[in-house]
Amino acid sequence: MGKIVAVVNQKGGVGKTTSAVNLTAALHDLGLRVLLCDFDPQANATSGLGIEKKKVKKTVYDAIINGVPTQEAIVHTKFGDVLPASADLAGAGVELVTMENPHYRLSETLKAVKADYDLILIDCPPSLEMLTLNALAAADGILVPVQCEYYALEGLSDLMSTMRMVKRRINPDLEIFRVILTMYDGRTNFCAQVAQEVRRHFPGKVCSEVVPRNIRLAEAPSHGLPVTVYDRTSRGALAYKAIAEELKGKL
């Protein structure tokens, strides 16, 4: 039975979708059966693995709202499988409130295919609302990308408060799976200080490899490719490959 991990941080621009896309591809290259569930209405993870959003007929929205069988919505790519998103998800939070067991709709959707995968990654929206709560209810653990800057530390306290609430009321088994330090600039002392502080708050949970600031990571999505394919020798690609190796050992 596979593990479900939500890639979550309510702060935008921290490398959440970048991490979800590139870890999916890197873990797939390592021989794991990986499903990326795009649960963000912007659907950037969908396009990041080369799927044309306008051509997708069934999405995760159809699965959680309209009862479409999960397997029918999954798109198979050479980088791993994807449960794609669409702009329809933007209104799903309101629709979910009126449904039975609203916090567990994604959990039920993924439960139907969990045995088919070694790992299911959920790319969450950059907010702590109904969609993210659904992802946290479905997940065995969370993977938290943290940008190496001051405000990132402030946002972590809000995320941890939400996680504690979810553990009390919705999913008592939820744990921190791993923390990834992103956009690391080794030329600044401040980045090193933030990294040290994050490691102090999450002992034994922070990935040993950091993701550097890297132009190739920014360019890859515009080509519909993970950076591990777009430029496999770039610093960004090498970082995600190393993190994938580390995560594989924890599954």
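What comes next is a walk through the structure. From a predicted model like this one, the values you see are computed outputs, not experimental measurements.

## Here's the deal with the overall build of the protein chain
Next, step 1: Check the secondary structure of the protein chain and you find twelve helices and seven strands.
Next, step 2: For the protein chain, the C-alpha radius of gyration of 17 Å lies close to 18 Å, the compact-globule estimate for 251 residues.
Next, step 3: In terms of overall dimensions, the protein chain has a C-alpha envelope of 50 × 40 × 30 Å along the principal axes.
Next, step 4: The burial tally for the protein chain puts 55% of its 251 residues in the buried class.
Next, step 5: Within the protein chain, counting contacts between residues at least 6 apart in sequence, those at least 24 apart form 78% of the total.
Next, step 6: Put simply, the protein chain has 29 plus and 28 minus side-chain charges, and the middle of one group is 3 Å from the middle of the other.

## Section: helix α12 (residues 235–248)
Residues spaced three or four apart along an α-helix face the same direction, because each turn holds 3.6 residues.
Next, step 1: Between its first and last C-alpha, α12 extends 20 Å over 14 residues, near the 20 Å set by a 1.5 Å rise per residue.
Next, step 2: For α12, the full list of buried residues reads G236, A237, A239, Y240, I243, A244, E246 and L247.
Next, step 3: Considering only its buried residues, α12 is in contact with α1 (16–29), β7 (175–182), α10 (215–219) and α11 (227–230).

## Considering the nonpolar core
Note that soluble globular proteins tend to have their nonpolar side chains buried in a common cluster.
Next, step 1: Core analysis: the biggest nonpolar cluster contains 55 residues, and F39, L89, L106, L110, I122 and I142 have the highest contact counts within it.
Next, step 2: Here this core takes seven residues from helix α7 (residues 130–138), the largest share from any one element.

## As for the pairing of strand β4 (residues 80–83)
Next, step 1: Pairing geometry for strand β2 (residues 34–38) and β4, over three bridges, is parallel. In the strand pairing of β4, L36 is matched with V82.
Next, step 2: For strand β3 (residues 75–77) and β4, the ladder comprises three bridges, and the chain directions are antiparallel. When the bridges of β4 are listed, V75 appears paired with V82.
Next, step 3: Counted between consecutive antiparallel strands, the loop separating β3 from β4 contains two residues.

## Section: the pairing of β2
Next, step 1: Among the five residues that make up β2, five are buried, leaving the element largely enclosed by the rest of the structure.
Next, step 2: A two-sided burial pattern is seen for β2, the buried positions comprising V34, L36 and D38 on one face and L35 and C37 on the other.
Next, step 3: Alignment of β2 against strand β5 (residues 119–123), held across five bridges, turns out to be parallel. The residue of β5 that forms the bridge with L36 is L121.

## Some details on the sheet that holds β2
The strands making up a sheet are joined through hydrogen bonds of the backbone, oriented either antiparallel or parallel.
Next, step 1: Strand order in the open sheet formed by seven strands is β3-β4-β2-β5-β1-β6-β7, with mixed pairing between adjacent strands. The sheet is open, and its two edges are formed by β3 and β7, each paired on a single side. Looking at each pair of strands side by side, their axes are set apart by 25 degrees on average, direction ignored.

## A few points about the side chain of T46
Next, step 1: Here T46 is to be found in helix α2 (residues 44–48).
Next, step 2: The buried category is assigned to T46, whose relative accessible area is 0%.
Next, step 3: Within polar-contact distance, the side chain of T46 engages the side chain of D38 at 2.7 Å.
Next, step 4: Once you skip the residues sitting within four places of it in the chain, T46 turns out to touch D38, I51, K53, V82, P84 and A85.

## Quick word on the packing of α1 against α12
Next, step 1: Close contact between α1 and α12 brings their axes to 9 Å; oriented N to C, the two are set at 70 degrees. Relative to α12, the element α1 lies roughly perpendicular. Both α1 and α12 take part in a crossing whose hand is right-handed. The segment α1 lies against α12, with T18, S19, N22, L23, A26 and L27 engaging Y240, K241, I243, A244, L247 and K248.
Next, step 2: For the contact of α1 with α12, the class distribution of residues is seven nonpolar, three polar and two charged.

Analysis parameters
- Residues numbered from 1 in each chain as written.
- Predicted model: local features only at pLDDT ≥ 70, side-chain atom pairs only at ≥ 80, totals over all residues.
- Heavy atoms only, no water.
- Helix = DSSP H or I, 4+ residues; strand = E, 2+ residues; numbered from the N terminus.
- Rg over C-alpha atoms; globule rule 2.2 N^0.38 Å.
- Buried < 20%, exposed > 50% of the residue type's maximum accessible area, 1.4 Å probe, protein only.
- Contact = heavy atoms within 4.5 Å.
- Lys, Arg positive; Asp, Glu negative; His and termini not counted.
- Charge placed at Lys NZ, Arg CZ, Asp CG, Glu CD.
- Expected span 1.5 Å × (residues − 1).
- Core = buried A, V, L, I, M, F, W, Y, C linked by side-chain atoms within 4.5 Å.
- Pairing = 2+ DSSP bridges.
- Axes fitted to C-alpha atoms, helices over the stretch in contact; angles between N-to-C directions.
- Polar contact = N/O pair within 3.5 Å; in protein donor to acceptor, adjacent residues only side chain to side chain.
- Parallel < 35°, antiparallel > 145°, perpendicular 65-115°, else oblique.
- Left-handed = near helix turned anticlockwise from the far one by under 90°.
- Nonpolar A, V, L, I, M, F, W, Y, C, P; charged D, E, K, R; others polar.

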